[in-house]
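# Residue-level structure breakdown
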Amino acid sequence: MTDQSATWQDEPTDYEEVGKLARRQQPDPEAPALGSLNITAAVADPELLDLPWHVALEDWPEQYLAALPRGISRHIVRFARLGGSVIAVKETSEHVARHEYHMLRKLQRLDVPCVEPVAVIRDRQTPDGRPLDTVLVTRHLKFSLPYRALFSQKLRRDTLTRLIDAQALLLVRLHLVGFYWGDVSLSNTLFRRDAGAFAAYLVDAETGELYPDLSTGQREYDLEIARVNIAGELMDLLDGGLIDEEVDPVATSERIMDSYRNLWNELTEKESFELGERWRLGARIRRLNELGFDVEEYAIKTTPDGSTIHLQPKVVDAGHHQRRLLRLTGIDAQENQARRLLNDMDTFRAENYPGQDEEISAHAWVSQVFEPIVKAIPRELSGKLEPAEVVHQVLEHRWYMSERLDRYVPLAETVQSYIDSVLRHRRDEAAIMLNPDTQMLKVIEQEEARHQEDEYDDEDLVDD
């Protein structure tokens with residue numbers, strides 16, 4: 001049985017205590033329970049009751065577990081099967097679990113990339129009455145990997161750069177909505193492929209706080225935490241031989257400072273220009289759109305003599321390309337994936353339907369390009385990558401093939417080459433592997449990273 005409100009105190013309205021939920025001093029006599037078990041969940045999911053909550057998490061029977069690559073955590077974390085999906089279960093204190101659940105739900109409402117909170121389960125006991133820790137349950141982010149699963153024997157520098165840039169973008173998005181993270185690190189982030197780059201998702205929000213706005217000091221302190229933690233994580237990888245010896249962990253970690261500040265300034269900085277240079281307003285909007293942000297409001301002021309305009313973005317929303325692709329096609333993709341698919345869609349329109357309404361040409365692109373690629377993927381390979389990433393990679397593969405063969409390559413030929421030379425050799429990222437040993441999991445992670453680094457090398461392309 002679930003209880004969606006009775007076990008929760010009212011959400012705080014005093015921003016000095018934002019996100020803080022009062023510690024429960026005594027049991028709630030009216031809270032529904034299964035034995036001594038109490039579940040607070042956003043959506044009722046009766047299958048939660050089938051899991052062995054009376055057993056300490058580290059001792060859960062193998063039949064319930066789904067073995068997926070895990071990041072480093074100070075808590076005991078297990079992946080478990082729940083119906084047709086996978087959940088992450090973390091043991092912690094009740095107050096921390098409730099606070100993190102509360103924060104994740106708020107971030108979801110603010111449309112910030114984060115894992116989905118499922119439930120907080122408290123008052124757990126063993127059959128002999130020994131109390132067990134409260135657990136936080138979140139939905140596993142499909143097709144995502146912890147950063148360690150992206151590393152093989154040697155990591156290319158540009159791959160590391162893309163990870164840090166993704167982390168910086170996530171931190172900017174969090175700060176724009178007033179979220180202070182407090183524990184920024186690669187370990188507390190999941191990464192999904194996004195058309196040659198990565199999309200970062202917040203995993204651990206137990207130290208986070210939500211405010212109306214963040215001060216410069218709060219943002220800079222979060223950024224300093226990120227720099228220190230990333231440097232430590234890279235040192236650990238260097239000691240393990242997982243990154244090239246020439247990589248300087250401290251210098252590399254500094255990149256998040258520059259990446260974050262450059263992006264923050266572009267999104268928020270006030271700009272001044274002469275009255276005759278009003279074209280710069282449109283140029284600023286286009287730059288923000290290229291970064292994947294929409295501007296819904298501007299603050300514009302002029303000097304008393306009317307000769308100078310002062311301009312500052314007031315409302316900046318991420319997901320510009322995602323929203324356009326979703327509006328035109330109904331396809332939900334990552335931002336860079338959406339940008340890549342939209343570029344192909346616009347080219348398709350120019351070549352085949354010049355002057356045609358973009359909604360009509362978008363429908364034709366879906367039926368003639370997107371759907372044929374997705375449907376051509378054999379069922380046994382469909383869990384390798386999410387559809388939008390597959391389509392992006394096929395389009396990239398086509399470009400490489402055309403350049404190599406010096407001719408136009410039909411889509412059907414491209415898809416078959418991609419399936420045979422690239423996709424078939426990738427790790428199945430959507431698969432659930434039951435109970436592999438540690439060595440097997442390490443091999444899987446190394447294979448995944450190796451294919452991610454080498455997938456577009458020339459030797460992978462097949463001549464006609």
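This part covers the overall build of the chain. Within the chain, the secondary structure is distributed over 12 helices and 15 strands. Per-residue burial over the chain gives 51% buried out of 464 residues. Long-range pairs, those at least 24 residues apart, make up 67% of the contacts in the chain with a sequence separation of at least 6. As displayed, the chain offers around 22400 Å² of accessible surface, 48% of which is attributable to carbon and sulfur atoms.

Before going further, it helps to examine helix α11 (residues 411-421). Residues of α11 that are buried: Leu411, Thr414, Val415, Ser417, Tyr418, Ile419 and Ser421. The elements touched by buried residues of α11 are α9 (358-376) and α10 (387-405).

Attention now goes to the packing of α10 against α11. As a packed pair, α10 and α11 sit with axes 9 Å apart at the nearest point and diverge in direction by 105°. On the basis of their axis angle, the class for α10 and α11 is roughly perpendicular. Facing α10, whose interface residues are Val390, Gln393, Val394, His397, Arg398, Met401 and Leu405, α11 presents Leu411, Glu413, Thr414, Val415, Ser417, Tyr418 and Ser421. The class makeup of the residues in the contact of α10 with α11 is seven nonpolar, five polar and two charged.

The strand order β1-β4-β7-β3-β2 describes an open sheet built from five strands, whose pairing is antiparallel. Across the chains shown, the open sheet's two edge strands, defined by having one partner strand only, are β1 (38-41) and β2 (77-82). Neighbouring strand axes in the sheet, compared pairwise and without regard to direction, differ in orientation by 25° on average. Here strand β4 (residues 116-122) runs beside strand β7 (residues 134-139); their pairing, made up of five bridges, is antiparallel. Its bridge partner being in β7, glutamate 116 is matched across the sheet by arginine 139.

So, how was this worked out
Residue positions are given per chain, counting from 1 as you read along its sequence in written order. Given that the model is predicted, a residue must reach a pLDDT of at least 70 before its local features are reported, and side-chain atom pairs must reach 80 or more before they are shown or counted; all residues, however, enter totals for whole chains, interfaces and linings. The basis for every side-chain value is the complete set of non-hydrogen atoms in the structure, without hydrogens or water. The way it works is that DSSP assigns letters per residue, a run of H or I at least four long becomes a helix, a run of E at least two long becomes a strand, and they are numbered from the N terminus. Burial classes: relative accessible area under 20% of the type maximum marks a residue as buried, over 50% as exposed, and values in between as partly exposed (1.4 Å probe, protein chains only). Contact definition: two residues touch when any of their heavy atoms are within 4.5 Å. The Shrake-Rupley method, run with a 1.4 Å probe sphere, supplies the accessible areas, and residue values consider only the shown protein chains as cover. Axis definition: a line fit to C-alpha positions, over the contact stretch in the case of helices; interaxial angles, taken between N-to-C directions, run 0 to 180 degrees. Angle categories are assigned with fixed cut-offs, so that under 35 degrees is roughly parallel, over 145 is roughly antiparallel, 65 to 115 is roughly perpendicular, and the rest are oblique. Residues are grouped as follows: Ala, Val, Leu, Ile, Met, Phe, Trp, Tyr, Cys and Pro are nonpolar; Asp, Glu, Lys and Arg are charged; all remaining types, including Gly, are polar. A pair of strands counts as paired when DSSP detects no fewer than two bridges linking them.

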